[in-house]
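# Summary of the model geometry
Listed below are the residues making up each chain.
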Amino acid sequence: MRHDATAMSRAIRGFGMMTPSRHFSDDMSQRLDRRIICAAMLLAVAASLARFLLEAHLGFNLWDEGYLWYGVQRVLHGEVPIRDFVSYDPGRYYWAAGALWLFHGHGTVAVRAATELFSTLGVVAAVWLVLRGSTGNGLMRLGLCAVAVVLCLLWMVPWWKGYDAAISIILVASLARVLARPSPVRFLVHGVVIGLAAVFGRNHGFYGVVACLLATPALMLSADSPAWRRCVPAWLAGVAIGFSPILLGLVLDHQFAAMFWESIHFLLFEYRGTNLPLPVPWPWTVPGDGALTQALLARWVTGGMFLLLPLFCVVGAAVIAHRLRRYRRIVHPEFAACVATAIPYLNVAFSRADVSHLAQAIFPLLIGVLILPTRGLGRVLLRWLGLPLLAVASLLIALPLHPWYQARTQSDWRVVDVQGDALRMSDTAAVPLEVVEGLSHRYVPSGGTLLAAPVWPGAYVLLGIRSPVQEIYPLFPRSDHFQMQEIGRLQQARPALVLIYDIGVDGREDLRYADTHPLIWSYLQTHYRQVESPRELPELKVYIPKPSID
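Remember, predicted model here, so these are calculated numbers, not experimental data.

What counts and how
- Residues numbered from 1 in each chain as written.
- Predicted model: local features only at pLDDT ≥ 70, side-chain atom pairs only at ≥ 80, totals over all residues.
- Heavy atoms only, no water.
- Helix = DSSP H or I, 4+ residues; strand = E, 2+ residues; numbered from the N terminus.
- Rg over C-alpha atoms; globule rule 2.2 N^0.38 Å.
- Buried < 20%, exposed > 50% of the residue type's maximum accessible area, 1.4 Å probe, protein only.
- Pairing = 2+ DSSP bridges.
- Axes fitted to C-alpha atoms, helices over the stretch in contact; angles between N-to-C directions.
- Phe/Tyr/Trp six-rings, centres within 6.5 Å; stacked < 30°, edge-to-face > 60°.
- Polar contact = N/O pair within 3.5 Å; in protein donor to acceptor, adjacent residues only side chain to side chain.
- Contact = heavy atoms within 4.5 Å.
- pLDDT = per-residue confidence, 0-100.

Attention now moves to the overall build of the protein. What the protein contains, in helices and strands, is 25 helices and six strands. Relative to the 2.2 N^0.38 estimate, which gives 24 Å for 550 residues, the radius of gyration of the protein is 25 Å and therefore close to what a compact globule would have. Once the C-alpha set of the protein is aligned to its principal axes, its extents read approximately 90 × 60 × 50 Å. Buried residues in the protein amount to 53% of all 550 residues.

Ordered in space as E3-E4-E6-E5, the four strands form an open sheet in which the pairing is mixed. In this open sheet, the two edge strands, each paired with only one partner strand, are strand E3 (450-453) and strand E5 (528-531). Sheet twist, expressed as the mean angle between neighbouring strand axes with direction ignored, is 25 degrees.

In this section: the packing of aromatic side chains. With the rule as written, the count across this model stands at 26 aromatic pairs. Pairing tryptophan 159 with tryptophan 160 gives two aromatic rings, centres 5.8 Å apart and planes at 80 degrees, and the pair type is edge-to-face. When the ring of tryptophan 521 is compared with that of tyrosine 543, the centres are 6.3 Å apart and the planes differ by 85 degrees; the resulting orientation is edge-to-face. Taken as a pair, tryptophan 521 in helix H25 (residues 518-527) and tyrosine 543 in strand E6 (residues 540-545) lie far apart in primary sequence, 22 residues in all. Given a relative accessible area of 17%, tryptophan 521 falls into the buried group. On the basis of relative accessible area, tyrosine 543 is assigned to the buried category, the value being 2%. Aromatic rings pair up to connect Tyr67, Tyr70, Phe85, Tyr88, Tyr93, Tyr460 and Tyr473 into one cluster.

The subject of this paragraph is the side chain of serine 467. Topologically, serine 467 is positioned in the loop between helix H22 (458-463) and helix H23 (480-493). Its relative accessible area of 2% is what places serine 467 among the buried residues. From its side chain, serine 467 meets the backbone oxygen of valine 469 in a polar contact 2.9 Å long. For serine 467, the residues in contact, after removing those within four places along its chain, are Tyr70, Tyr460 and Ile472.

Okay, the confidence of the model for the protein next. Confidence in the prediction of the protein, expressed as mean pLDDT, is 92, and 93% of residues score 70 or more. Overall, residues 1-30 carries pLDDT values under 50, and its contacts beyond four positions in sequence, including any with other chains, amount to 43 contacts.

Printed below as a string of structure tokens:
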């Protein structure tokens, strides 16, 4: 064991990790000019604005984008997320609804603008971390900030997940402040940040708590360990303050409380998961036969990024532990915060191992690589080999997910009016919109409603109507009790049209709507009759009510 520890120490020194004296002398001799700070922040805001203007009117998605847009519209109509419809946690809905109310917006472009505003907070936090965690002169740091901005905007896809991306970066920045100079005030503020993160997503609050707990041993072993008797209560109080909107809702609104606990019970004890799982696309699982194409190369690189995530956590933890043992202090708090936060966010990437969830988990790694504490040969290799490889990998994986790129590489895009917004989208996206509008015009009377399942929650907001059921995105298998409640709502609402997009999600036959919601399916078969499916969408099953028999 002693020999292994010595070997590890030599390996790390050989890589060129900076010594504390060098780091502190850099900080003392290279105080950041206010002009550099302002330029970096202005760059983050301007680039985010440019990205929004470039893509604000491109693409549309009836699935996840419709899920967010519907919730925002229902909040503007006075409904409460979770209580009145199955949803994400309330924070993002109230953020977007507040922005729409303030600027008198209602369409999906307005929701995109509100989301971009929140995403910009994450980009600004990333720039702050790079400025604080990097070394060199001001221009060199500014250059790294530019790289950070480009990487952040590349990986913030799809746009409606900008909340999740920004929160992960903000949690890193908040934890870094605590590790840099722990104090009761900073613990309090970090607790508030974690609590607010949980308002936007309970999983983010959990990840923030786990990251803080993972960083605690480093603080305890540090020579300047904080006064725990004051810091721990301050942190707990901060979490309670940040999470207070939900806590107040649990106390004051009994229906919200019942649905909130039911949602937790469903995930933990009924479904026993947080997502629909997908196999991890490790590089060695990608078929290597045939000619090398951009798509095949992108799949290999994607698998490499999934491999890099846990590798970064292991190597980063080893570096932090070595330097903590040697110097008895957290020398690079921003890097330590990246590693501590990257560990719980592994769950995001691997719970559903696709590019979208990789993008939600990758930001602590991206920032950690940019501020990796190296010098000498290690710094040269990082800046002239590591960062270019990371940039190329990001372009290969993330750029094809941007609607701007898709619009320029696909030939079937056209302009469609979506609730007053002229959006340019592909035929694949436009056809379902036109089908929904056409069938609604034909079968749904004024003041009526329809049922769209399982993957088109955007149909409701597209037509400006309220869903007749609570579960607007019914992907997961549900209990008989829940289905009976939904049937009661259907009996009361009496939808004039039922649209079942009869596909097996992820290619799984067990995830067809008839298998995940068999009681509701049986009710529809009994009380509705099927009419001819649209020629453009043969998978769509269309039902209208059977004639009533007196």
